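The primary structure of each chain is shown beneath.
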Amino acid sequence: LGSAMTGRHLPFELLPFSYQEFLANPNNDEIDEGKNFHRYLMWGGFPEVVLGSAEPRGYLRTLFDSVVLRDIVARHHIRSSTAIHDLLNLLINNATSRFSARSLERSLGSLSIATVQKFITYFREAYLVHDLQPYFFKPRLRIKADRKIYAYDNGLISAVTQSATSNDSRLLENLVFIELVRRGFKPNLDLFYYQTRSGTEVDFLVREGSKNIQLIQVAQNLSAFKTRERELRSLHQASEELKVAKLTIITMETEETIKEDGRIIRVVPCQKWQMESK
């Protein structure tokens, strides 16, 4: 895990600590399950943060600004260190959102589309962020479409993001992405997002080989009627189009089983879902 702090290449099993590993930390004396989960949601699983020897925001900003970026810049002999810093900052500030290389080029103004794509490859190799394609049957359509961006640790989002509102909703979605990767699903090979024919979106489509096996939607809660209606409609449409029976909504606290239109949708709190096996 030490290599995680220097941006070196890592196998998937050496991602920062999982939630179960976080709970197993002998220095953690917090007995409130809700507080434990919220700390992990906010500050992620880097060992220095989990083991309590580092102040989360300061340590993670140093990791972002100094160690990782200098490592990438030096290793790849990059001249435009400010530009690559700005790009990574922009991506992490927009974690879980869609992007295209062209939109990033327009936002930054100082990098070409080819350079943007190259820098994102460096970030992916350093296990900082990963892009996620939408699922289409034809691979060429996946490559051309807008992607979504995820960070490999929630702490980076909390340390870097300059948001005036709560980040809990996107931190929750980002955490689900990290856990799916930890469970062995490879982004853009057997893990995608999905947009229905009517334009609604499902956060994650999980595949095994040539089969679509599960659709996962992430929602902070389902208390608002419009939110509940939107999330269920998206899942029903995607289930019909992709012929997927296993449907899940991961929430902050809500737990229930929804039966409608001949389908069963499991609604499960993220904290409980993360304690389950694949």
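Computed from a predicted structure; not experimentally measured.

**Q** Tell me what's going on with the overall build of the protein, and back it up with residues and numbers.
**A** Of regular secondary structure, the protein possesses 12 helices and nine strands. Scaling as 2.2 N^0.38, a compact globule of 278 residues should have a C-alpha radius of gyration of about 19 Å, and the protein matches this with 19 Å. Reported as C-alpha extents along the three principal axes, the dimensions of the protein are approximately 55 × 50 × 35 Å. Within the protein, buried positions represent 52% of all 278 residues. In the protein, once contacts between residues fewer than 6 apart in sequence are set aside, the share between residues at least 24 apart is 60%. Split by element, the accessible area of the protein, about 13,300 Å² in all, is 49% carbon and sulfur. Positive and negative side-chain charges of the protein, numbering 37 and 33 respectively, have mean locations separated by a distance of 8 Å.

**Q** Tell me about the nonpolar core, and name the residues and values.
**A** Core analysis: the largest hydrophobic core is formed by 70 residues, its most contacted members being Phe-123 and Phe-204. Contact partners of Phe-123, with chain neighbours within four places excluded, come to Ile-72, Ile-84, Leu-87, Leu-88, Leu-91, Leu-128 and Val-129. One finds Val-202, Leu-242, Val-244 and Ile-265 within the second-largest nonpolar core, a separate group that totals 18 residues.

**Q** Please set out the packing of aromatic side chains residue by residue, giving values where relevant.
**A** Taken as a whole and assessed by the stated rule, the structure comprises 10 aromatic pairs. Consider the rings of Tyr-19 and Phe-37, whose centres lie 5.6 Å apart with planes at 90°: the pair is edge-to-face. With a gap of 18 residues between them, Tyr-19 in helix H1 (residues 19-23) and Phe-37 in helix H2 (residues 33-43) connect regions that are remote in the sequence. Pair check on accessibility: Tyr-19 and Phe-37 agree, each one buried. Note on Tyr-19 and Tyr-40: the rings are 5.4 Å apart at their centroids and 50° apart in plane angle, and the pair reads as tilted.

**Q** Account for a negative patch on the surface, with residues named and values stated.
**A** Taken together, Asp-29, Glu-30, Asp-32 and Glu-33 make up a surface patch of like negative charges. Relative to the assigned elements, Asp-32 resides in the loop between H1 and H2. A residue is classified by how much of its surface remains accessible, and Asp-32, at 34% relative accessible area, is partly exposed.

**Q** Pulling in residues and values, what's your account of the packing of helix H5 (residues 81-93) against helix H6 (residues 101-108)?
**A** The contact between H5 and H6 brings their axes to 11 Å, and the two run at 120°. On the basis of their axis angle, the class for H5 and H6 is oblique. Seen from above, H5 lies across H6 with right-handed handedness. For the pair formed by H5 and H6, the contact residues are Asp-86, Leu-87, Leu-90 and Leu-91 on the first element and Leu-104, Ser-107 and Leu-108 on the second. A breakdown of the residues in the contact of H5 with H6 according to their chemical character gives five nonpolar, one polar and one charged.

**Q** Can you explain the sheet that holds strand E3 (residues 147-151)? Please cite residues and give values.
**A** With antiparallel pairing, three strands are arranged side by side in an open sheet as E1-E3-E2. The open sheet has two edge strands with one neighbour each: strand E1 (98-99) and strand E2 (129-132). Examined bridge by bridge, E2 and E3 share four bridges and lie antiparallel to one another. When the sheet's bridge partners are listed, His-130 is paired in E3 with Tyr-150. Docked against the sheet, helix H7 (residues 113-125) engages E1 and E2, running at close to 120° with respect to E2. Packed onto the sheet, helix H10 (residues 168-182) meets E2 and E3 and runs at close to 85° relative to E3.

**Q** An account of the side chain of Thr-248 is requested, with residue identities and associated values reported.
**A** Residue placement: Thr-248 occurs in strand E7 (residues 247-251). Residue Thr-248 is classed as buried on the basis of its relative accessible area of 4%. Within polar-contact distance, the side chain of Thr-248 engages the side chain of Gln-214 at 2.9 Å. If near-sequence neighbours (up to four positions away) are discounted, Thr-248 is found in contact with Gln-214, Leu-215, Ile-216, Gln-217, Leu-235, Arg-266 and Val-268.

**Q** Can you explain the pattern of salt bridges? Please cite residues and give values.
**A** Any two side chains of opposite charge can pair, on the condition that their charged atoms come close. Under the criterion given, the structure shown has 16 salt bridges. A salt bridge links Arg-228 to Glu-256; the shortest N-O distance between them is 2.9 Å. With Arg-228 in helix H11 (residues 225-242) and Glu-256 in strand E8 (residues 256-260), the pair connects residues that are 28 residues apart, well separated along the chain. What makes Glu-256 partly exposed here is its relative accessible area of 26%. Residues Glu-276 and Arg-266 are paired through a salt bridge, measuring 2.5 Å at the closest nitrogen-oxygen approach.

**Q** Explain the sheet that holds strand E4 (residues 191-195) to me, and be specific about the residues and the numbers.
**A** Sheet strands pair via backbone hydrogen bonds, and the direction of the pair is either parallel or antiparallel. The six strands lie next to each other as E4-E5-E6-E7-E9-E8, forming an open sheet whose pairing is mixed. Of all the strands in the sheet, just E4 and E8 have a single pairing partner and so form its edges. Taken over all neighbouring pairs, the strand axes of this sheet differ in orientation by 30° on average, direction set aside. With four bridges joining them, strand E6 (residues 211-218) and E7 adopt parallel strand pairing. Among the inter-strand pairings, Ile-216 is bridged to a residue of E7, identified as Thr-248. Along the sheet, H10 makes contact with E4, strand E5 (201-208), E6 and E7, crossing E5 at roughly 5°. Sitting on the sheet, H11 touches E4, E5, E6, E7, E8 and strand E9 (263-269), and the angle it makes with E6 is about 175°.

Criteria and thresholds
Residues numbered from 1 in each chain as written. Predicted model: local features only at pLDDT ≥ 70, side-chain atom pairs only at ≥ 80, totals over all residues. Heavy atoms only, no water. Helix = DSSP H or I, 4+ residues; strand = E, 2+ residues; numbered from the N terminus. Rg over C-alpha atoms; globule rule 2.2 N^0.38 Å. Buried < 20%, exposed > 50% of the residue type's maximum accessible area, 1.4 Å probe, protein only. Contact = heavy atoms within 4.5 Å. Areas by Shrake-Rupley, 256 points an atom, 1.4 Å probe, with all protein chains shown as cover. Lys, Arg positive; Asp, Glu negative; His and termini not counted. Charge placed at Lys NZ, Arg CZ, Asp CG, Glu CD. Core = buried A, V, L, I, M, F, W, Y, C linked by side-chain atoms within 4.5 Å. Phe/Tyr/Trp six-rings, centres within 6.5 Å; stacked < 30°, edge-to-face > 60°. Patch = residues over 30% accessible without salt bridge, like charges linked within 9 Å, V, L, I, M, F, W, Y side chains within 5 Å. Salt bridge = Lys/Arg side-chain N within 4 Å of Asp/Glu carboxyl O. Axes fitted to C-alpha atoms, helices over the stretch in contact; angles between N-to-C directions. Parallel < 35°, antiparallel > 145°, perpendicular 65-115°, else oblique. Left-handed = near helix turned anticlockwise from the far one by under 90°. Nonpolar A, V, L, I, M, F, W, Y, C, P; charged D, E, K, R; others polar. Pairing = 2+ DSSP bridges. Polar contact = N/O pair within 3.5 Å; in protein donor to acceptor, adjacent residues only side chain to side chain.

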